[in-house]
Amino acid sequence: MRAVVQRVDGASVVVAGETVGEIVGEGLCVLVGVTHEDTGEKAAQLARKLWSVRILEGEKSCSDVNAPLLVISQFTLYGDARKGRRPTWNAAAPGEVAEPLVDEVVVQLRALGATVRTGRFGADMRVSLTNHGPFTVIIEV
């Protein structure tokens, strides 16, 4: 699993004019990509890392300050644009594999005590955020 994690001062996801997920104030906006070899254990490992990684203001984690997370599935994180002019998506897991694993990340985060909002899997989403820093890291498990 691969996650692009941004420290934000608020973020939201809109689908067809409707806000389907939003966090207000300090937190993390997390784009999650799934590849073919990913498992439920990797989803749990990613959740633990997201909850404990110390990238918020003052080197705090979400668990330290009870900061919310906005988790959004994004298969394009496994895109490959090294050849030609059009990326390939061969490394991205198909929806029937990826969706339950992204959902498992959310379930595991909530089990840890996190406030989690989400996008809508497979939808044409509009993501808005205020990146604080800017601060962006890639986490792979």
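Above this text sits the structure in question.
Residues numbered from 1 in each chain as written. Predicted model: local features only at pLDDT ≥ 70, side-chain atom pairs only at ≥ 80, totals over all residues. Heavy atoms only, no water.

Turning to the pairing of strand β2 (residues 18-33), a few remarks are in order. Note: strand β1 (residues 2-15) against β2, 13 bridges, orientation antiparallel. Counterpart to Arg 2 in the pairing with β2 is Gly 33. Here β1 folds back onto β2 in antiparallel fashion, the turn holding 2 residues, of which Ala 16 has a positive phi close to 50 degrees. Looking at chain direction, β2 and strand β3 (residues 69-73) are connected through 5 bridges and run parallel. Paired with Leu 28 across the two strands is Leu 69, which belongs to β3. (Pairing = 2+ DSSP bridges. Helix = DSSP H or I, 4+ residues; strand = E, 2+ residues; numbered from the N terminus.)

A separate point is the sheet that holds β1. Strands sit in the order β4-β3-β2-β1-β5 across an open sheet of 5 strands; the sheet is mixed. Lying at the two open borders of the sheet, with one neighbouring strand each, are β4 (116-118) and β5 (125-140). For this sheet, the mean inter-axis angle between neighbouring strands, taken without regard to orientation, is 30 degrees. By the bridge criterion, 11 bridges tie β1 to β5 in an arrangement that is antiparallel. Considered in β5, the bridge of Ser 12 is made with Ser 128. Against the sheet, helix α3 (residues 95-111) contacts β2, β3 and β4, and its axis sits at roughly 165 degrees relative to β3. (Axes fitted to C-alpha atoms, helices over the stretch in contact; angles between N-to-C directions. Contact = heavy atoms within 4.5 Å.)

For Thr 35, the position within the fold is in the loop between β2 and α1 (40-52). Polar contacts involving the side chain of Thr 35 include one to the main-chain carbonyl oxygen of Ala 91, which spans 2.4 Å. What Thr 35 contacts, discounting residues up to four positions off in sequence, is Tyr 78, Ala 91 and Ala 93. (Polar contact = N/O pair within 3.5 Å; in protein donor to acceptor, adjacent residues only side chain to side chain.)

Okay, the nonpolar core next. By size, the foremost hydrophobic cluster in this structure holds 29 residues, and its most contacted members are Val 30, Leu 50, Leu 69, Val 71 and Leu 109. The set of elements that each furnish at least two residues to this core consists of β1, β2, α1, β3 and α3. The element contributing the most residues to this core is α3, with 6 residues. Membership of the second largest hydrophobic core comes to 12 residues, among which are Val 8, Ala 11, Ile 72 and Met 125. (Core = buried A, V, L, I, M, F, W, Y, C linked by side-chain atoms within 4.5 Å. Buried < 20%, exposed > 50% of the residue type's maximum accessible area, 1.4 Å probe, protein only.)

Time to look at the layout of surface pockets. If you add up the space inside the largest pocket, you get close to 310 Å³. A total of 3 residues in the lining of the largest pocket trace back to one element, the largest contributor, which is α3. The class makeup of the residues in the lining of the largest pocket is 12 nonpolar, 5 polar and 1 charged. (1 Å grid on protein atoms, 1.4 Å probe; cavity = no way out; pocket = protein on both sides within 12 Å on 5 of 7 lines; lining within 4 Å. Points joined across faces, edges and corners; volume = space filled by probe spheres on them. Nonpolar A, V, L, I, M, F, W, Y, C, P; charged D, E, K, R; others polar.)

It is worth spelling out the pattern of salt bridges at this point. Tallying each qualifying case throughout the model produces 6 salt bridges. Its salt-bridge partner being Lys 42, residue Asp 38 comes within 3.8 Å of it at the nearest N-O pair. In this structure, the salt-bridge partner of Arg 82 is Asp 80, at a minimum N-O distance of 2.7 Å. Taking the relative accessible area as the measure of exposure, Asp 80 reaches 26% and is therefore partly exposed. (Salt bridge = Lys/Arg side-chain N within 4 Å of Asp/Glu carboxyl O.)

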